Amino acid sequence: TKKIAALKVDVPPPKTQGLDVVKEYENSGAKKSTSFVVVGHVDAGKSTLMGRLLVDLKYVDQRTVEKYKRQAEKSGKQSFALAWVMDQRSEERERGVTIDIATNYFETDQTKYTILDAPGHRDFVPNMIAGASQADFAILVIDANTGAYEKGLKGQTREHILLLRSLGLQRVIVAVNKLDMVGWSKDRFNDITQEVTGFLTGLGFQEQNVDFVPISGLDGENIVKKITAPAASWYEGGTLLEALEKSEPTTIRALKKPFRMAISEIFRSQQQGTTTLAGRIDSGTIQIGDSLVVQPSGETAYIKSIMVDTDAQDWAVAGQNVSIALTDIDPIHIRVGDILCHAANPIPCGDTFTMKAMAFEHLMPMPVDLHRGRLHAPGQIQSITASLDKATGEIIKKKPKVIQPGGVARVVIKLNEKVPLEAGQRVVIRGGGETIAAGLLE
Ligand code: GDP
């Protein structure tokens, strides 16, 4: 067998053009890019809505939909056809089949969108973590049909919203779905708007960051096309797509922070001595020729080429999905979940962290796994420093023995080994197959 180390060959570092990437980005008129998660109770219509969005934007062709419709008719479930557009994708992913990028990616004239963890799984929370911890905003799907909505807000919907909030997401677009089933009732829409607004602001979301859009995912009403149902003539607001377009893109502020990218895929290239790392840039900018380091291994490398989505580029910025070809690196020490940084400003590695956590289960000193995106590290809750007020963050009690589900606390986490993490990052704590807490590192 060939030694992998033999791949590391001496080549001169790639030439850098010494660009001011932030300026390049501002002058390029490049489309903004943004990522979101879709949350809501099972059967609220998440898959149907995303399937509809991709069909109406022509990312899934009509023939594929017809195929699903025929399959769905055979099993007597016509209405599931659109959901199958999304569910099919998830199954393919589970089976490790290469899937078409178009099913979780779409763009408009102004924006490139990535749907992080598109729905399809029934056991949603574990899948949501990787997505929500990277998302710029969320779409919350509410089933407006009488009864189903009340149940939703208490059940999974509540858990999903708490998770978004504790991870520091700011913007939520509430898709009030299945309005076709209640005759496009204006009262129903207003009641839901009022109640969900109260719920969201109670958790600290700002009202100006929450939009409500009445839709029918099944009929394709008010998603990309304006509502045509006569019963909905009272509605004068925009479509769901217009609400998406209003979302703040990854800001210039994020570009000025140090470069960080969690590695989601590692490819060994045909070309001798190069390794390609893929992921979404969390913060900062890069350009060809930059000297990088992978943490925690400390492996260094130079950028030989950059692909943004599917185009070769000289530079890339926060929010973009990239594949970076590196020279002068031995991939044997690199793992999915590791963090790529500039060699001059690497992320620190540590094993003890303080976090402001929202509890989903009872929280006390116990063994846990810490998750950040694809990174997960075993360790324990070492101590609970204080319980905090959910809205203000003020200390309620010092050194409580236990935190009840729904409570917020400052906890100290001790991991079994050093991992690359820093203040301000979103992390999730799990144990025994359950999400125990989620929050921000301090
Ligand atoms: P998910 O579990 O949230 O992904 O929900 P699905 O997308 O699988 O939808 C659950 C059920 O609700 C399916 O039977 C859909 O056809 C139905 N559904 C979804 N959206 C709508 C809608 O806007 N109107 C109506 N009438 N049914 C819908």
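What counts as what
Residues numbered from 1 in each chain as written. Predicted model: local features only at pLDDT ≥ 70, side-chain atom pairs only at ≥ 80, totals over all residues. Heavy atoms only, no water. Helix = DSSP H or I, 4+ residues; strand = E, 2+ residues; numbered from the N terminus. Buried < 20%, exposed > 50% of the residue type's maximum accessible area, 1.4 Å probe, protein only. Contact = heavy atoms within 4.5 Å. Areas by Shrake-Rupley, 256 points an atom, 1.4 Å probe, with all protein chains shown as cover. Core = buried A, V, L, I, M, F, W, Y, C linked by side-chain atoms within 4.5 Å. pLDDT = per-residue confidence, 0-100. Phe/Tyr/Trp six-rings, centres within 6.5 Å; stacked < 30°, edge-to-face > 60°. Expected span 1.5 Å × (residues − 1). Arc of directions from axis to C-beta. Polar contact = N/O pair within 3.5 Å; in protein donor to acceptor, adjacent residues only side chain to side chain. Pairing = 2+ DSSP bridges. Axes fitted to C-alpha atoms, helices over the stretch in contact; angles between N-to-C directions. Salt bridge = Lys/Arg side-chain N within 4 Å of Asp/Glu carboxyl O.

**Student:** Describe in detail the overall build of the protein chain, supporting the description with residues and values.
**Tutor:** Within the protein chain, the secondary structure is distributed over 10 helices and 23 strands. The 442 residues of the protein chain split such that 52% are buried. Once local pairs closer than 6 in sequence are excluded, the contacts in the protein chain between residues at least 24 apart make up 73%. Here the protein chain displays about 20,400 Å² of accessible surface, and carbon together with sulfur accounts for 48% of that area.

**Student:** So, the nonpolar core: which residues are in play, and what are the values?
**Tutor:** With 67 residues, the main nonpolar core has F36, L49, F106, I139, V174 and L244 as its most contacted residues. Sorting elements by how many residues they give to this core places strand β4 (residues 137-143) first, with 6 residues. Leaving out residues up to four positions away in the same chain, F106 has contacts with F36, L53, L54, L57, Y59, T111, K112, Y113, I115 and L244. One finds L292, W315, V317 and I334 within the second-largest nonpolar core, a separate group that totals 28 residues.

**Student:** Explain the confidence of the model for the protein chain to me, using residue names and the numbers behind them.
**Tutor:** This prediction gives the protein chain a mean pLDDT of 84; 83% of its residues lie at or above 70. Segment residues 92-102: pLDDT under 50, and 9 contacts once partners within four positions in sequence are set aside and those in other chains are kept. Predicted confidence for residues 118-124 stays below pLDDT 50, and this span has 25 contacts to residues more than four positions away or in other chains. Note on the complex model: pTM 0.77, ipTM 0.99.

**Student:** An account of the packing of aromatic side chains is needed here, citing residue identities and associated values.
**Tutor:** On inspection of all chains with the given rule, the structure shows 8 aromatic pairs. Ring centres 6.4 Å apart and planes at 90 degrees place the aromatic pair Y25 and W315 in the edge-to-face group. Within this pair, whereas Y25 is found in helix α1 (residues 21-28), its partner W315 is found in strand β14 (residues 315-317), the two being separated by 290 residues in sequence. Like W315, Y25 is buried. Between F189 and Y235, the aromatic rings sit 6.3 Å apart at their centres with planes inclined by 80 degrees, giving edge-to-face as the arrangement. With F189 in helix α8 (residues 186-202) and Y235 in the loop between β6 (210-214) and α9 (240-245), this residue pair connects regions lying 46 residues apart in the sequence. Members of the aromatic cluster, connected to one another through ring pairs, are F36, F106, Y113 and F137.

**Student:** Got a sec to walk through α8? Specific residues and values, please.
**Tutor:** With 17 residues, α8 should reach 24 Å at 1.5 Å per residue; the first-to-last C-alpha distance of 24 Å fits that figure. Those residues of α8 that fall on the buried side of the exposure criterion are R188, F189, I192, T193, V196, T197, F199 and L200. Each buried residue of α8 lies within a common arc of 165 degrees when the element is viewed along its axis, so the set occupies one face. Exposed positions of α8 whose direction lies more than 90 degrees from the buried face are D187 and Q194. One side-chain oxygen at the N-terminal end of α8 lies 3.4 Å from the backbone nitrogen of D187; it belongs to S185. Directly after α8, the chain includes G204, whose backbone phi takes a positive value near 100 degrees.

**Student:** Account for the sheet that holds strand β2 (residues 105-107), with residues named and values stated.
**Tutor:** The strand order β2-β3-β1-β4-β5-β6 describes an open sheet built from 6 strands, whose pairing is mixed. Where the open sheet ends on each side, the last strands, each with one partner, are β2 and β6. Strand-to-strand, the axes of this sheet are offset by a mean angle of 25 degrees, without reference to chain direction. Direction of pairing for β2 relative to strand β3 (residues 111-115): antiparallel, over a ladder of 3 bridges. Bridging from a neighbouring strand, Y105 pairs with T114 of β3. In the packing of α8 onto the sheet, contacts are made with β4, β5 (171-177) and β6, and the angle to β6 comes to roughly 160 degrees.

**Student:** Describe the environment of G220, with residues and values.
**Tutor:** Position of G220 among the secondary structure elements: in the loop between β6 and α9. Take G220: its relative accessible area is 6%, and that puts it in the buried class.

**Student:** Explain α1 residue by residue, including any values.
**Tutor:** Within the span of α1, buried status applies to V21, V22 and Y25. Summarising the axial view, the buried residues of α1 lie within an arc of 105 degrees, below the 170-degree limit, and thus occupy one face. Of the surrounding elements, those touching the buried residues of α1 are β1 (32-39), α10 (252-256), β10 (285-287) and β14. Residue G29 follows α1 closely and has a positive phi angle near 65 degrees.

**Student:** Go over the environment of R374 with me, naming the residues and quoting the values.
**Tutor:** On the secondary structure map, R374 appears in the loop between β18 (367-372) and β19 (375-388). Between the alpha carbons of R374 and G406 there is a distance of 25 Å; along the sequence they are 32 residues apart.

**Student:** Requested: an account of the pairing of strand β15 (residues 321-327), with residues and values cited.
**Tutor:** For β15, a buried count of 5 out of 7 residues is recorded, marking the element as mostly surrounded by other parts of the structure. Note: strand β9 (residues 274-283) against β15, 7 bridges, orientation antiparallel. From the neighbouring strand, A278 faces β15, where its bridge partner is S323. Note: strand β12 (residues 299-308) against β15, 6 bridges, orientation antiparallel.

**Student:** Give a description of the pairing of strand β17 (residues 349-359) that names residues and reports values.
**Tutor:** The pairing of β17 with strand β21 (residues 408-420) spans 9 bridges and is antiparallel. In the sheet register, T354 faces β21, and the bridge partner there is V412.

**Student:** Explain the pattern of salt bridges to me, using residue names and the numbers behind them.
**Tutor:** Inspection of the entire model under this criterion finds 15 salt bridges. Of the charged contacts in the structure, one is a salt bridge between K23 and D20, with a shortest N-O distance of 3.9 Å. For D20, a relative accessible area of 41% puts it in the partly exposed group. Linking K112 and D309 is a salt bridge whose minimum nitrogen-to-oxygen distance equals 3.3 Å. One end of the pair, K112, is in strand β3; the other, D309, is in the loop between β12 and β13 (311-313), and 197 residues separate them in sequence. Each of R52, D56 and K225 takes part in a single network of salt bridges with overlapping partners.

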